[in-house]
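Okay, here's what each chain looks like letter by letter:
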Amino acid sequence: MGIFRKWRGVPFTQKAPTASGEHVSIRVAKMTAVHVLWWDSHVQPIVDRDPERADNGWNWLLYVPFAEIAGRVLTRKPAGYTVGICDQERDHLIPCALVQLLGRVPALDDHDRESVFVWFLSTAPDEALTAIDEHPIPVDRIPRRLGTIALDVAVTHSLNERRLGRTALYADKRGGGALLQWYHRRGMTVLPNGEQLPPGPRRLLKPNDGRYYYYTVPAAIEASEGLDSLR
Amino acid sequence: MSAFHDIAAKYGGVDRSDGRAVQRWFTEELPKLPTSTIEAALEELLTLDGEGAREVEAVRVYSERRPLPSLASSPAAPFPLLAAGWRKLLSRLYGRVMGASSDRQRKP
């Protein structure tokens, strides 16, 4: 099925498991300023209370104008996505993960190929979702596997943009060894320490220190197929 | 997270400790600069990957409380038509054809 997935693309996930045993309906939408403003007012303050989180101190309000400008000026094809819980009755989308991508960068394992690069990825802590004044979510209805679903957004974007699933990222140092292990368990490959990055300023200014990870095409397809039950 | 602050200070002369000024510069001033300057600033920003050389000591100011986004204003991200699978594609096309024919029937 991999070959079909590579050439016809794949839908984004539409549901997520919960502790209750039932699934909750989610939607992957293009990131907008409204999503980011809500995130900055409600989720980011809670994220910032935890100094061990890799996304501590992030300011998504700066990433949106960046993406708009970079999309016009550079050829990196940036894209932002919001993963949100759908509440059809009250017409609410409750953002629970944000993903900012660069859609066109040289692949880490084959510099002549193009890849997606995950620039920023953040998931809401449980507390941020249970403490929404106008819409508190019961603990057993909080979507699980949000990190995996958010990473799948990048892989899906890669498949749908003819990058064949190639996806790379830099594991923030604040995430420590646990974050490296997490990406490894998702099927990603680490760029061996000492191996050079593709030509460009990143090679000089942020050289490989053993924290760059990437999906090969077969690994991306396997990871994508692993979430098919949620599409 | 100080790369944005560093870039705004370097290319816009903005006080890197003033978070609102940094944000304003990216939103309002950067787009007005020559393309070559924008390219240089963005390339450097991409390379820094959000990590600045020094930490910003300013107190973080968050947005005021906002209402939840609506579903109506957040349509599902598009994906290739074929990705839905043949069954969905056919039902979608069939629905369109049937919708068009019923529209025609409704016309006087």
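Quick caveat, the model's predicted, so the values are computed rather than measured.

> Hey, could you run me through the overall build of chain B in this one?
The helix and strand tally for chain B stands at four helices and zero strands. Along chain B, from the amino end to the carboxyl end, the secondary structure elements read α-α-α-α. Out of the 108 residues in chain B, the part that is buried amounts to 20%. Residue pairs in contact within chain B that sit at least 24 positions apart in sequence constitute 57% of those at least 6 positions apart.

> Quick question: what am I supposed to make of the overall build of chain A here?
From N to C terminus, chain A includes eight helices and eight strands. Taken against the 2.2 N^0.38 rule, which gives 17 Å for 231 residues, the C-alpha radius of gyration of chain A at 17 Å falls within 12% of a compact globule. With the C-alpha coordinates aligned to their principal axes, the bounding extent of chain A is approximately 50 × 40 × 35 Å. Counting the 231 residues in chain A, one finds 43% classified as buried. Across chain A, the fraction of contacts at a sequence separation of at least 24, relative to all contacts at a separation of at least 6, is 68%.

> Help me understand helix H2 (residues 19-29) of chain B in this model?
All names here are of chain B. Buried within H2 we find Gly19, Val22, Trp25 and Phe26. Along the axis of H2, the buried positions cluster into a sector of 125°, meaning they face one direction only. Away from its buried face, by an angle of more than 90 degrees, H2 presents the exposed residues Arg20 and Glu28.

> Mind showing me how you'd approach the sheet that holds strand S2 (residues 23-30) of chain A here?
Sheet strands pair via backbone hydrogen bonds, and the direction of the pair is either parallel or antiparallel. Residues and elements named next belong to chain A. Here we have eight strands laid out as an open sheet, ordered S1-S2-S3-S4-S5-S6-S8-S7, and mixed in their pairing. Both outer strands of the open sheet, strand S1 (15-17) and strand S7 (189-190), are each paired with one neighbouring strand and no more. In terms of strand pairing, strand S4 (residues 92-106) meets strand S5 (residues 114-123) through eight bridges, oriented antiparallel. Counterpart to Val99 in the pairing with S5 is Leu121.

> Explain the interface of chain A and chain B to me, please; I cannot follow it from the model alone.
Many authors give the size of an interface as the accessible area that is lost as the parts come together. Between chain A and chain B, the contact holds 49 residues from the first and 37 residues from the second. The greatest single-element share of the side of chain A that touches chain B, amounting to eight residues, is contributed by helix H2 (residues 33-47) of chain A. In the side of chain A that touches chain B, the residues fall into 27 nonpolar, 13 polar and nine charged.

> Help me out: how do you make sense of the packing of helix H1 (residues 3-12) of chain B against H2 of chain B in this one?
In a packed pair of helices, the relevant descriptors are the angle between the two axes and the axis-to-axis distance. All names here are of chain B. The geometry of H1 relative to H2 is characterised by a closest axis approach of 9 Å and an angle of 60° between their N-to-C directions. In this structure, H1 crosses over H2, and the sense of that crossing is left-handed. Of the residues in H2, those in contact with Phe4, His5, Ala8 and Gly12 of H1 are Val22, Trp25, Phe26 and Glu29. When grouped by side-chain class, the residues that make up the contact of H1 with H2 number five nonpolar, two polar and one charged.

> Hey, could you run me through the packing of helix H5 (residues 146-160) of chain A against helix H8 (residues 217-225) of chain A in this one?
Residue and element names in this part refer to chain A. Between H5 and H8, the least distance of the axes is 10 Å, while the angle of their chain directions is 120°. With respect to each other, H5 and H8 are oriented oblique. Helix-helix and strand crossings are classified by hand; for H5 and H8 the assignment is left-handed. In this structure, H5 contributes Asp152, Val155, Thr156, Ser158 and Leu159 to the contact, and H8 contributes Ala220, Ala223 and Ser224.

> Can you walk me through the confidence of the model for chain B in this structure?
It should be kept in mind that the predicted coordinates are not to be read in detail where pLDDT is low. Residues and elements named next belong to chain B. Counting all residues, the mean pLDDT for chain B is 75, and 68% of those residues have values of 70 or more. For chain B, helix H4 (residues 86-106) is the element with the lowest average pLDDT, namely 60, and H1 is the one with the highest, namely 88. Scored below 50 in pLDDT, residues 52-56 makes 11 contacts in the model with residues more than four places away or belonging to other chains.

> Is there a simple way to think about the pairing of S2 of chain A in this case?
Look at any regular strand and the pattern is simple: side chains alternate between the two faces of the sheet. All names here are of chain A. Of the pairings in the sheet, the one linking S1 to S2 comprises three bridges and is antiparallel in character. Directly across from Ala16, in S2, lies its bridge partner Val24. What sits between the antiparallel neighbours S1 and S2 is a turn of five residues, in which Gly21 has the positive phi angle 95°. One ladder, built from five bridges, connects S2 with strand S3 (residues 78-87); its direction is antiparallel. For Val28, the partnering residue across the bridge sits in S3 and is Val83.

> Please clarify how unusual backbone geometry should be interpreted in this entry.
Glycine aside, the phi torsion of most residues is negative, and most peptide linkages are trans. Residues and elements named next belong to chain A. The backbone of Arg145 sits at a positive phi, close to 60°, despite the residue not being glycine. With respect to the secondary-structure elements, Arg145 resides in the loop between helix H4 (126-130) and H5. You will see that Arg162, though not glycine, has its phi angle at about 60°, which is positive. With respect to the element layout, Arg162 can be found in the loop between H5 and strand S6 (167-170).

> What am I meant to see in the pairing of S4 of chain A here?
All names here are of chain A. With respect to burial, S4 is a largely interior element, 11 of its 15 residues being buried. Sheet topology places S3 next to S4; 10 bridges connect them, and they run antiparallel. Across the sheet, Ile85 pairs through a bridge with Ile94, a residue of S4. Between S3 and S4, which follow one another and run antiparallel, lie four residues, and Asp91 among them has a positive phi close to 55°.

Calculation rules
Residues numbered from 1 in each chain as written. Chains lettered and ligands numbered in written order. Predicted model: local features only at pLDDT ≥ 70, side-chain atom pairs only at ≥ 80, totals over all residues. Helix = DSSP H or I, 4+ residues; strand = E, 2+ residues; numbered from the N terminus. Buried ≥ 20, exposed ≤ 12 C-beta atoms within 10 Å, placed from the backbone. Contact = placed C-beta atoms within 7 Å. Rg over C-alpha atoms; globule rule 2.2 N^0.38 Å. Arc of directions from axis to C-beta. Pairing = 2+ DSSP bridges. Nonpolar A, V, L, I, M, F, W, Y, C, P; charged D, E, K, R; others polar. Axes fitted to C-alpha atoms, helices over the stretch in contact; angles between N-to-C directions. Left-handed = near helix turned anticlockwise from the far one by under 90°. Parallel < 35°, antiparallel > 145°, perpendicular 65-115°, else oblique. pLDDT = per-residue confidence, 0-100.

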